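Take a look at the letters that make up each chain.
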Amino acid sequence: MRIRPNIMAKGALRFALLATCFALATPVFAQDTTLNVAQRQDPQNLDPIDTFRLSWGSIGSNIFEGLVFRGEDLVLQPGLATGWEFLDNETRIRFTLRQGVKFHDGEPFNAEAVKYTFDRLLGAEGEKGPQRSNYTSIREVVVVDEFTVDFLMESPDPVLITKLAGYGAMIVPPKYIKEVGEEAFDMKPVGTGPFSVVEYTPTVGVKLAKFDGYWNGEAQLDAVNIRFISEDATRMAELLSGGVDIALNIPTPSVETIKNDEDVDLVAVDGPTVVLTRFNTASGITADPRVRRAISMAVDRKTIVEAMLGGLASPISSAQGAKSFGNDPKLEAYPFDPEAAKALLAEAGVKPGTEITLDMPNNDETFREVSQVISAYLGQVGLNVSIRTHESSIYFNDIIEGGKTGDMFYYGWGGWTFDYDNTAYLLYHSGERYNPYVKDAKLDELLDAQRLTYDRDVREKALQEVARYAQEQALDLPLYNTSTIYGVNTRVKGFTPAPDDRARYMSVTVD
Amino acid sequence: MPVFRFILQRVLQAVLVTLAVTLFVAFAVRLTGDPAVMMTAESSSVTAEDLVRIREALGLNQPFYAQYLDFLKDLVTFDLGNSFFRGSIANLIGIALPSTLLLAAASMGISILISIPLGIHAALHKGGISDQIIRVLSLVGLSFPNFWLGIMFVLLLSITFPILPASGFDTWPALILPATTIGIILTATNVRLVRTQMLETLSAQYVMVARAKGLSEWSVVYKHALRNAAIGIVTFLGLQFGNLIGGLVVVELVFNWPGMGTLSIEAIAQRDYPLLQATVSILAIMIVAVNLAVDLVYGLIDPRIRVA
């Protein structure tokens, strides 16, 4: 049998080859103060205009900065711009730029870089990505002098200043991109932030190093090693075994385990995401507002939040959290009152034992449990709920967009701007992509009008009016605002949880 | 000449199977959803024109056959083109493929190291207590879902007794848990295979002759019986490759191993057509190639197979 040694030799050769690949692919880093972070997703591309993902925010916010800065407190502050003023009847916004700021490659930050950033976003490169559509209210950016730019507006955009702290408006280096090309920039971008990219390995992680030339102080850490661990159980295992110092995207079922662990703290903050069940307001029994109100009174949200979500969420009365611009603290949700609900259902002619359906996507484990509870509550007022689950992209882009839902359907939305406009427009304005049923002239008018003014008081009033009207009509059943949860090892000091998932590691230290 | 015809036939078959798989994958993935929609699913301000623009930029407005031919061209030239979202596919595969192969080789190695001695032992003590124990253990091993076994290993060896890393790719110890997980699952079948093959050869006449000649037990078992049983075992291991790759997909996810499985699942989630086509096709080509190699080797060894 001569083939045997031959096969073995080949096998050995292949193994040796692989071992070499393996060793080459993984340079080992040894640095004194390295923070190890695990997050669920790989942003897959570090270019800020190519992504919408929260997984980019917790990396990119350490590398890039915008003209406006929005930190963990969500207050808008001067970032790379030191100030701005509205000119020419609010059609021109003039920004004064910060001096002495450098990109990681040494290139200076100036008006040219700002113009380049927005030309790129609004031009051919931006068209390939999802960020451009947020910024189409800008017609053009004009250089006034080295440290002054004017934004010429195509149409009024009251959320523009907030958006200038957003992904798409992160300032990028013109010279560097022209030198290395777009593809190289996706993998090893350069910004003005406190950390620079050492290496990005797709599906594995990103290694960041302190940028010594940062304009606004100095990062406490030498390096940050961010790993992508998509499996929840594995990410928790790494957190509990001390393999990582901070884990993002903590799943609700792991909350108890972390609370019981001495070495790991649970840090939670109200996030942007709200969860609601929406109604088919166009047909079926839920076309009757009385039925919708009855359902709203039949579900005890407080119990759901406390019992099902471990208190890591807050009940809401409109489709926004307490931090959202447009939230009215005086607006109260329908009270939990099953008797009144039964009476309303009887008045609307709905017989006990009537079947209704609730549609939901199949990838939200938490809501799967919540939906069972909702079904039980509705059972108590005589409605038999059948729950249908769908593959998530089919759910959003076919079932909802195509108006094929049952009487009730799940909706979770996180408007990263923390401005009710983002969510309300999408939910209630007629003709919007994810709004198959609501067509209401009053809502359209209110929503359109507030988009035309920069006056915050006027806008706030209009948005609160939208929320009140939506509640009166019971267009949906707002359930809760979920928290953004981080697991943090007690070794870590100085970490402030970011509500918008844009974790920043500049002032973090590790013992 | 018949040998040449046989080889040609099998290679042609393999090429046809590969083409069919790529065609099916390319077609099926396009039925499942629109990447432009997926890409902008989190945006509230996307208009229909935005979607059209994105589709154009991604080349999705081309007819199916044009997109498929593009993909085939990329595949044949080993260029593989670009993913919708994450740049050069060759770069991504360059990381994923070696790491999957490494994990596959390590798991297979572990499995062989365990199953050959155990299988031989069971065959030599057929019906004995140790044979029974090995049989029960392999049955237990067969009934474990591999992801469950992986998670149990992590709980025990990373959290309760923090000896090994729970996941990762940076260090050699990180390879141990995933490779052992798959290795053990493979061992369950391999032990039985080695046992059966050994029993067959041990009862063959030449083994009796070897025994009659007064050769030592070691020499009979390892030099004569195992060598002959090896043909069957090697063939089976080759055919098992497909199962192995299937099992890897899940275990890679549990241990966050950056391999082809993880890459394919991410591509599915985003409807990244080019990337998914590339990963599935490469996996399919590998499985077809291994099967072809087994076929050819077997055919060369055993002329009866060439006729079939």
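Quick notes on the rules
- Residues numbered from 1 in each chain as written.
- Chains lettered and ligands numbered in written order.
- Predicted model: local features only at pLDDT ≥ 70, side-chain atom pairs only at ≥ 80, totals over all residues.
- Helix = DSSP H or I, 4+ residues; strand = E, 2+ residues; numbered from the N terminus.
- Buried ≥ 20, exposed ≤ 12 C-beta atoms within 10 Å, placed from the backbone.
- Contact = placed C-beta atoms within 7 Å.
- Pairing = 2+ DSSP bridges.
- Axes fitted to C-alpha atoms, helices over the stretch in contact; angles between N-to-C directions.
- Core = buried A, V, L, I, M, F, W, Y, C linked by C-beta atoms within 7 Å.
- Parallel < 35°, antiparallel > 145°, perpendicular 65-115°, else oblique.
- Left-handed = near helix turned anticlockwise from the far one by under 90°.
- pLDDT = per-residue confidence, 0-100.
- Nonpolar A, V, L, I, M, F, W, Y, C, P; charged D, E, K, R; others polar.

A. Expanded view of the overall build of chain B. Regarding its fold elements, chain B presents 13 helices and 0 strands. For chain B, the α and β elements follow one another from N to C terminus as α-α-α-α-α-α-α-α-α-α-α-α-α. Principal-axis analysis of the C-alpha atoms places the extent of chain B at approximately 85 × 65 × 30 Å. Counting over 308 residues, chain B shows a buried share of 39%. Nonlocal contacts in chain B, meaning residues at least 24 apart in sequence, comprise 71% of its contacts between residues at least 6 apart.

B. How the structure looks around the overall build of chain A. When helices and strands are counted, chain A shows 17 helices and 19 strands. With respect to the three principal axes, the spread of C-alpha positions in chain A is 80 × 75 × 45 Å. Within chain A, the fraction of its 511 residues that count as buried is 51%.

C. Summary view of the sheet that holds strand β5 (residues 92-97) of chain A. Residues and elements named next belong to chain A. Strand order in this open sheet of 4 strands is β4-β5-β7-β6, and the pairing throughout is antiparallel. Across the chains shown, the open sheet's two edge strands, defined by having one partner strand only, are β4 (81-87) and β6 (138-145). Neighbour-to-neighbour, the strand axes of the sheet open up by a mean angle of 20°, direction not taken into account. Two strands pair when backbone bridges link them, and β4 and β5 are joined in this way by 6 bridges, in the antiparallel orientation. Opposite Ala-81, over in β5, you have Leu-97 as the bridge partner.

D. Inspection of the pairing of β6(A) at higher detail. Across 6 bridges, the pairing between β6(A) and strand β7 (residues 148-153) of chain A is antiparallel. What sits directly across from Glu140(A), in β7(A), is Leu152(A).

E. Representation of the nonpolar core in the model. Residue and element names in this part refer to chain A. Leu-67, Val-114, Ile-171, Val-224, Ile-246 and Ala-247 are the most contacted members of the largest nonpolar core, which has 145 residues in total. If we skip the residues at most four places from it in the chain, Ile-246 touches Leu-35, Val-37, Tyr-486, Val-488, Val-492 and Phe-495. Counting 63 residues, the second-largest nonpolar core is a separate cluster that includes Ala-298, Tyr-425, Ala-462 and Tyr-480.

F. Inspection of unusual backbone geometry at higher detail. Residue and element names in this part refer to chain A. One non-glycine residue, Leu-74, lies in positive phi territory at about 65°. Tracing the sequence through the fold places Leu-74 in the loop between β2 (68-70) and β3 (76-78). Residue classification places Leu-74 among the partly exposed positions, given that 18 C-beta atoms sit within 10 Å. Even without glycine at this site, Phe-418 takes up a positive phi of about 55°. Relative to the helices and strands, Phe-418 resides in the loop between β16 (408-414) and α15 (420-428).

G. Inspection of the packing of helix α7 (residues 146-160) of chain B against helix α8 (residues 173-202) of chain B at higher detail. Residue and element names in this part refer to chain B. Axis separation between α7 and α8 bottoms out at 9 Å; the angle between their running directions is 135°. Classified by the angle their axes make, α7 and α8 are oblique. Between α7 and α8 lies a crossing whose hand is right-handed. Mapping the contact onto sequence places Asn-146, Leu-149, Gly-150, Phe-153, Val-154 and Leu-157 in α7 and Leu-177, Pro-178, Thr-180, Thr-181, Ile-182, Ile-184 and Ile-185 in α8.

H. Representation of helix α8 (residues 232-240) of chain A within the structure. The element α8(A) is largely enclosed, with a buried count of 8 among its 9 residues. Taken from the residues just after α8(A), Gly242(A) is the one with a positive phi, measuring 80°.

I. Layout of the confidence of the model for chain A. In the predicted model, chain A carries a mean pLDDT of 90, and the fraction of residues at 70 or more is 94%. Here residues 1-31 of chain A is a poorly scored stretch, pLDDT under 50, and it has 23 contacts once near neighbours within four places are set aside; other chains count.

J. Quick look at the packing of helix α16 (residues 441-450) of chain A against helix α17 (residues 456-472) of chain A. Residues and elements named next belong to chain A. The interhelical angle for the contact between α16 and α17, taken along N-to-C directions, is 155°, at an axis separation of 9 Å. Regarding the angle of α16 to α17, the classification is roughly antiparallel. As for how α16 packs across α17, the hand of that crossing is left-handed. Contacts between α16 and α17 pair Lys-442, Leu-443, Leu-446, Leu-447, Ala-449 and Gln-450 from the former with Arg-459, Ala-462, Leu-463, Glu-465, Val-466 and Tyr-469 from the latter. In the contact of α16 with α17, the residues fall into 8 nonpolar, 1 polar and 3 charged.

K. Representation of the confidence of the model for chain B. Residues and elements named next belong to chain B. Averaged over every residue, the pLDDT of chain B is 83; the share at 70 or more is 94%. Taken element by element, chain B is modelled with least confidence in helix α13 (residues 304-307), mean pLDDT 57, and with most confidence in helix α5 (residues 89-124), mean pLDDT 90. As a predicted assembly, this complex carries a pTM of 0.79 together with an ipTM value of 0.72.

L. A look at the environment of Thr235(B). All names here are of chain B. Inspection of the secondary structure assignment puts Thr-235 in helix α10 (residues 217-254). Residue Thr-235 is classed as partly exposed on the basis of its C-beta count, with 17 C-beta atoms lying within 10 Å. Once residues within four sequence positions are removed from consideration, Thr-235 is found in contact with Val-294 and Tyr-298.

M. Quick look at the pairing of strand β10 (residues 223-228) of chain A. Residue and element names in this part refer to chain A. Summarising burial for β10: 6 of the 6 residues are buried, a large majority. Burial of the side chains of β10 extends over both faces: Ala-223, Asn-225 and Arg-227 are buried on one face and Val-224, Ile-226 and Phe-228 on the other. With 6 bridges connecting them, strand β1 (residues 34-39) and β10 associate as parallel partners. For Ala-38, the partnering residue across the bridge sits in β10 and is Arg-227. One ladder, built from 5 bridges, connects strand β9 (residues 205-210) with β10; its direction is antiparallel. Its bridge partner being in β10, Val-206 is matched across the sheet by Ile-226.

N. Here's a closer look at the environment of Phe69(A). Residues and elements named next belong to chain A. Mapped onto the secondary structure, Phe-69 falls in strand β2. In this structure, the C-alpha to C-alpha distance between Phe-69 and Gly-166, residues 97 residues apart in sequence, is 8.7 Å. Dropping the residues within four chain positions of it, Phe-69 is found in contact with Gln-77, Pro-78, Gly-79 and Ala-165.

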